[in-house]
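# Coordinates in review
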Amino acid sequence: MTAVSIVVNGRILGAEVEPRTSVADFLRETHNLTGTHVGCEHGVCGACTLLIDGVPARSCIALAAACESADVTTIEGLEGDEITAELRDAFKREHALQCGYCTPGMLVSARDIVLRMEAPSERHIRVALSGNLCRCTGYVGIVRATQAVLAARRARGIAAIPDGGRKRLGPAGSGHAGAAAPAATRPAAALEHEAPPEEAGATAPLDFAPQAILAQSFTVEHPPDTVWAFFGRVADVAGCLTGVTLTGNPTDREAAGRMRVKVGPMVAEFNGVARIARDESTRTGEIVGSGKDKRSQSQTMGSVRYSVLQGPTAETTQVDLSIGYALTGVLAQFSRSGLVRDVATRLTAAFAANLETRLASDAAGEAAPPPQMAGEFNAGSLMMSVLVDRFRRLVAALLGRS
Ligand code: FES
Ligand code: FES
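For the rest of this paragraph, the subject is the packing of helix α3 (residues 103–116) against helix α5 (residues 140–155). As a packed pair, α3 and α5 sit with axes 10 Å apart at the nearest point and diverge in direction by 35°. Considering the relative orientation of α3 and α5, their crossing is right-handed. Residues M106, A110, I113 and V114 of α3 lie in contact with α5, whose contacting residues are I142, T146, V149, L150, R153 and R154. Of the residues belonging to the contact of α3 with α5, the class tally is seven nonpolar, one polar and two charged.

This brings us to the packing of helix α2 (residues 82–93) against α3. Relative to each other, α2 and α3 sit at 120°, their axes nearing to 10 Å. Taken together, the axes of α2 and α3 are oblique relative to one another. Regarding α2 and α3, the two cross each other, and that crossing is right-handed. The residues of α3 that touch α2, namely those facing I83, T84, L87, R88 and F91, are T103, M106, L107, A110, R111, V114 and L115. Taken together, the residues of the contact of α2 with α3 break down into eight nonpolar, two polar and two charged.

To continue, consider the side chain of S22. Within the secondary structure layout, S22 lies in the loop between β2 (11–17) and α1 (23–31). Overall, the relative accessible area of 7% leaves S22 in the buried class. S22 has contacts with S59, C60, A62, L63 and A64, leaving out every residue within four places of it along the chain.

Quick notes on the rules
Residues numbered from 1 in each chain as written. Chains lettered and ligands numbered in written order. Predicted model: local features only at pLDDT ≥ 70, side-chain atom pairs only at ≥ 80, totals over all residues. Heavy atoms only, no water. Axes fitted to C-alpha atoms, helices over the stretch in contact; angles between N-to-C directions. Helix = DSSP H or I, 4+ residues; strand = E, 2+ residues; numbered from the N terminus. Left-handed = near helix turned anticlockwise from the far one by under 90°. Contact = heavy atoms within 4.5 Å. Nonpolar A, V, L, I, M, F, W, Y, C, P; charged D, E, K, R; others polar. Parallel < 35°, antiparallel > 145°, perpendicular 65-115°, else oblique. Buried < 20%, exposed > 50% of the residue type's maximum accessible area, 1.4 Å probe, protein only.

Purely geometric numbers; function is a separate question.
What follows is the structure in structure tokens.
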């Protein structure tokens with residue numbers, strides 16, 4: 001079994017899956033998202049079509065394990081989507097469904113046509129929909145409904161978005177769809193004015209398979225209610241992270257920021273974005289982010305899952321962390337898991353200490369200590385001290401044995 005996390009309809013969903021588990025089964029069997037229908041299970045009928053990184057894809061032949069950290073939008077996630085709402089109305093008007101089995105996949109494909117094709121002919125629409133089979137209604141109503149939405153939107157001056165906003169093409173789950181994924185749940189009109197992520201200096205965390213996952217835990221001397229509330233304040237949390245600076249106003253769901261890391265003489269500055277999810281009922285949350293350093297062409301991706309739990313006493317809180325990361329480029333040489341584990345332990349301890357200080361000053365009604373805006377995470381010296389510690393332990397063990 002493999003642990004996977006997939007961003008489904010803006011929420012990070014995880015499960016232990018077998019290598020052969022499809023995205024459709026991951027959604028239906030594990031998370032009860034049964035709006036994705038399964039017909040042939042061979043990639044032929046299109047009933048299971050959904051969006052992976054903003055691109056229509058067959059979820060019956062896309063493997064969940066290959067879609068780690070991909071952005072999946074199901075028919076449920078298109079509930080508030082403007083194009084889908086117009087298509088739903090048009091499908092009803094044009095009698096484009098009877099049993100409805102093909103309809104979720106059909107809507108996803110029709111939405112893609114409306115999103116990216118300026119003025120397709122009937123033939124083009126039929127070709128574009130040819131991967132979706134309808135066994136009972138036939139295609140006349142479906143094509144008419146798609147044409148009606150296209151005509152209405154173009155008449156309102158809403159232009160197609162070439163390639164649906166995709167910068168590159170690639171296999172489903174590869175992350176190559178770039179900006180298209182978030183578009184799924186936003187009105188297209190808003191999209192047209194959106195700066196592409198590259199221009200905004202941010203990299204969307206779409207394709208991320210952790211090289212390793214580390215478990216960490218710490219306790220703070222403050223009650224769980226206080227700690228949970230603090231974790232909801234993104235700017236305050238960032239202030240406790242050495243070397244991290246927010247570069248815009250964070251929302252509850254997203255934050256853009258910069259992390260400066262010093263490795264020996266080399267200073268890397270990772271600019272990126274993070275997606276934030278919190279579940280009040282279980283007091284758990286997840287932050288998934290990615291960033292790029294232009295100079296070293298290194299890219300880092302990471303996820304932090306946290307649980308806020310009652311500590312040993314009513315006035316203490318235990319925070320459990322599960323940290324996944326991947327590092328590519330020049331700095332990847334520092335990502336050996338043993339070393340990173342030690343560094344992560346120390347980073348977590350530093351975060352816990354900063355958190356404790358900050359919560360104490362909040363409780364005392366004192367002004368918050370200034371965030372560590374100008375600081376940088378000195379990975380080089382931290383790694384060196386880790387290596388020295390390891391060396392000391394090794395010598396002690398050898399001497400103890402002799
Ligand atoms: Fe996936 Fe038929 S069920 S294509
Ligand atoms: Fe029944 Fe299409 S509406 S298969």
